[in-house]
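# Secondary and tertiary structure notes
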Amino acid sequence: MVKEAIDVSKVPLEEVAELVREFGMGDLSIPPEKLFGGSNFKVMDRSQFTAVLKVCHSYTKAEVEGQARMQGYLGQAGFKQACAALPLRSSPEIDRSPELTAEFVTTSKAGDPAMMLTFCDGKAADAVIEGGADAGHVLEGIEYFQVPLAEGLRRYEDGACCDLGKHVSGEFLPLLRGNKYTKDHPYTKFYEEQRDALELAVKAQGLPLGILHGDPFLDNILVDPNSGDFKAFVDFEDACVGPLLFDVACCAAANCYRQSDNTLNVGLLRRFLRGYTRRRSFHQTEIDNFIPFMKVALLCNCSWRFMNFNIHHREIENCRNAHVELQNRII
């Protein structure tokens with residue numbers, strides 16, 4: 001389903017102009033343009049420099065700083081197919097050594113963390129595919145982050161990556177057992193039966209580490225609306241350092257199933273993997289654990305949906321069973 005544009009922003013346009021100055025932008029040449037979610041504002045100054053101010057509701061400043069540091073490093077490392085975080089005007093210069101010293105996050109008057117990102121043009125891949133584009137071409141063209149690691153970047157154990165760290169550590173199950181709405185729910189028992197296999201896969205020896213997007217669903221991938229060519233990743237809330245296999249398996253598990261009957265489209269999976277392996281070869285450990293990691297990614301994502309709509313946002317009743325689609329792929 002294409003991501004809906006829900007306006008949750010409480011930031012007046014006048015304040016947007018004030019916030020962007022903290023990142024060194026001059027006077028805006030046109031009024032800020034609200035993008036999807038209502039919390040993202042496309043801005044352009046009189047020099048025609050274009051960027052996006054992202055106001056992060058429901059996130060702590062520490063969480064947003066972790067995300068921004070990942071995106072700032074990708075920009076520093078020269079990876080162009082991602083929205084890079086821009087440092088605050090008052091920030092120290094970015095150290096060209098492996099460590100990042102820049103500061104990327106400010107705060108709105110309402111107390112919400114905000115950061116500035118480079119603008120990436122394109123359209124969400126799920127919308128383009130629904131409009132008739134070749135899904136295989138889209139998936140073959142995705143470019144993942146092949147940049148060296150650096151000190152100071154958050155790891156999956158610290159958060160992000162769809163709560164992978166909480167699942168591996170065992171923190172997630174008590175949250176389900178301790179809630180009155182989920183303690184006796186069939187999904188809680190299902191999750192308990194699956195968790196040990198998740199931990200075993202993630203702790204497999206020899207898995208190469210790298211930078212993960214953490215949520216490579218099609219609505220977080222921008223493509224050219226005419227050709228379907230890959231343009232960029234967006235929405236880095238789950239970005240972190242972790243097993244490279246997670247992003248590949250997550251993309252396959254999320255995007256290579258038929259909508260008609262929720263079964264794996266093997267031909268589409270082959271095209272996706274062919275495109276990926278043109279850029280990076282799998283290690284034997286990754287080949288051995290590919291299917292288990294697809295289940296890992298599915299369990300993380302369907303557990304997020306289950307908790308989000310059965311605990312945190314029970315008011316959205318029509319989404320209470322949003323997890324079932326992904327749960328059935330595990331079974």
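Residues numbered from 1 in each chain as written. Predicted model: local features only at pLDDT ≥ 70, side-chain atom pairs only at ≥ 80, totals over all residues. Heavy atoms only, no water.

### What about the overall build of the chain?
Note the cut-off: Each helix corresponds to a stretch of at least 4 residues labelled H or I by DSSP, and each strand to a stretch of at least 2 residues labelled E; elements are numbered beginning at the N terminus. Atoms counted for the radius of gyration: C-alpha only. Globule rule: 2.2 Å times residue count to the power 0.38. Two residues form a contact once any of their heavy atoms are found within 4.5 Å. Calculation of accessible area relied on Shrake-Rupley with a 1.4 Å probe; when residues are assessed, cover is drawn exclusively from the protein chains displayed. Asp and Glu count as negative and Lys and Arg as positive, but His and the ends of the chain are not part of the count. Charged groups are reduced to one reference atom each: NZ for lysine, CZ for arginine, CG for aspartic acid, CD for glutamic acid.
Each helix and strand in the chain was counted, giving twelve helices and eleven strands. At 20 Å, the chain has a C-alpha radius of gyration in line with the 20 Å of a compact globule built from 331 residues. In terms of its C-alpha atoms, the chain occupies a principal-axis envelope of roughly 55 × 50 × 40 Å. Long-range pairs, those at least 24 residues apart, make up 71% of the contacts in the chain with a sequence separation of at least 6. As displayed, the chain offers around 15,800 Å² of accessible surface, 49% of which is attributable to carbon and sulfur atoms. The centroid of the 36 positive side-chain charges in the chain is displaced by 2 Å from the centroid of its 46 negative side-chain charges.

### Focus on the nonpolar core
Short version of the rule: Note on terminology: a nonpolar core comprises buried Ala, Val, Leu, Ile, Met, Phe, Trp, Tyr and Cys residues joined through side-chain atoms within 4.5 Å. Exposure classes here rest on a 1.4 Å probe applied to the protein chains alone. A residue is buried below 20% of its type maximum, exposed above 50%, and partly exposed in between.
L164, F246 and F272 are the most contacted members of the largest nonpolar core, which has 74 residues in total. Element by element, the count of residues in this core is highest for helix α11 (residues 290-312), at twelve residues. Beyond its immediate stretch of four places on either side in the chain, L164 contacts Y156, L198, V202, F246, V296 and C300. Counting 17 residues, the second largest nonpolar core, distinct from the first, contains F23, A51, L86 and L88.

### Remarks on the sheet that holds strand β7 (residues 123-124)
Inclusion rule: At least two bridges found by DSSP between two strands is the condition for calling them paired.
Taken together, the three strands give an open sheet; going across it, the order is β7-β9-β10, and neighbouring strands pair in antiparallel fashion. Of all strands in the sheet, those with a lone pairing partner are β7 and β10 (230-233), marking the two edges. Relative to β10, strand β9 (residues 221-223) runs antiparallel, the two being bridged by three bridges. For V223, the partnering residue across the bridge sits in β10 and is F230.

### Side note on empty space enclosed by the protein
Selection criterion: A cavity here means a set of points on a 1 Å grid, drawn over the protein atoms and nothing else, where a 1.4 Å probe fits but cannot get out; a pocket is an open set with protein on both sides within 12 Å along at least five of seven lines, and a residue lines either one if it has an atom within 4 Å of a point. Grid points are joined across faces, edges and corners, and a volume is the space filled by probe spheres set on the points. Lys, Arg, Asp and Glu make up the charged group, whereas Ala, Val, Leu, Ile, Met, Phe, Trp, Tyr, Cys and Pro make up the nonpolar group; the residues left over, Gly among them, are polar.
Taken as a whole and assessed by the stated rule, the structure comprises one cavity of 30 Å³ or more. The wall of the largest cavity is formed by Y144, F145, Q146, I211, L212, L244, D247, Y276 and R280. The set of elements that each furnish at least two residues to the lining of the largest cavity consists of β8 (209-212) and α8 (244-255). For the lining of the largest cavity, the residue count by class is six nonpolar, one polar and two charged.

### A look at the packing of aromatic side chains
Our working definition: Between rings of Phe, Tyr and Trp, where Trp is taken as its six-membered ring, a pair exists when centres lie within 6.5 Å; planes separated by under 30 degrees are stacked, by over 60 edge-to-face, and by other angles tilted.
Applying the stated criterion across every chain, the model contains twelve aromatic pairs. With centroids separated by 5.6 Å and ring planes inclined at 40°, the aromatic side chains of Y187 and F190 adopt a geometry described as tilted. Here Y187 and its partner F190 are both found in helix α7 (residues 186-202), three residues apart, which amounts to about one turn of the helix. Considered together, Y187 and F190 belong to a single accessibility category, that of buried residues. Between the aromatic rings of Y276 and F282, the centroid separation amounts to 5.3 Å while the plane-to-plane angle is 20°, which identifies the pairing as stacked. By the ring-pair criterion, three or more aromatic residues cluster together here, those being F79, Y144, F145, F230, F233, F236, Y276, F282 and F290.

### Some thoughts on the confidence of the model for the chain
Rule in force here: On a range of 0 to 100, pLDDT expresses the predictor's confidence in each residue.
Across the chain, the average pLDDT comes to 92, with 93% of residues at 70 or higher. Considering only residues more than four positions removed or in separate chains, one finds that residues 1-7, a stretch of pLDDT under 50, has 17 contacts. The low-confidence segment residues 94-99 (pLDDT under 50) makes twelve contacts with residues lying over four places distant or belonging to another chain.

### As for the pattern of salt bridges
Inclusion rule: Put simply, a salt bridge is a Lys or Arg side-chain nitrogen that is within 4 Å of an Asp or Glu carboxyl oxygen.
Inspection of the entire model under this criterion finds 17 salt bridges. Here E18 makes a salt bridge to K109, at a shortest N to O gap of 3.6 Å. Residue E18 is located in helix α1 (residues 13-21), and its partner K109 is located in the loop between β5 (106-107) and β6 (113-118); the two are separated by 91 residues in the primary sequence. Looking at E18, the relative accessible area reads 40%, which means it is partly exposed. Overall, K109 belongs to the exposed group, its relative accessible area being 67%. Among the charged side chains, a network of salt bridges with common partners joins D134, E140, R271, R274 and R278.

### Quick look at the packing of α7 against α11
Filter applied, for reference: Lines fitted to C-alpha atoms define the axes here, with helix axes fitted over just the stretch in contact, and angles between the N-to-C directions of these axes take values from 0 to 180 degrees. Note that the term roughly parallel is reserved for angles under 35 degrees, roughly antiparallel for angles over 145, roughly perpendicular for angles of 65 to 115, and oblique for everything else. Each crossing is labelled by how the near helix is turned from the far one, with a counterclockwise turn of less than a right angle marking it left-handed and a clockwise turn marking it right-handed.
Orientation of α7 relative to α11, taken along the N-to-C sense of each, is 140°, at an axis distance of 9 Å. The orientation of α7 with respect to α11, classified from their angle, is oblique. Both α7 and α11 take part in a crossing whose hand is left-handed. In contact with Y187, T188, F190, Y191, Q194, R195, L198, A201 and V202 of α7, α11 contributes P292, F293, V296, L299, C300, C302, S303 and F306.

### Thoughts on α8
So the rule is basically this: Under the convention used throughout, the expected extent of a helix is 1.5 Å for every residue step, that is, one less than its residue count.
When the terminal C-alpha atoms of α8 are compared, their 17 Å separation across twelve residues agrees well with the 16 Å that a helix rising 1.5 Å per residue should span. Of all twelve residues in α8, twelve are buried, a share of seventy percent or more. Taken as a whole, α8 has its buried residues at L244, L245, F246, D247, V248, A249, C250, C251, A252, A253, A254 and N255.

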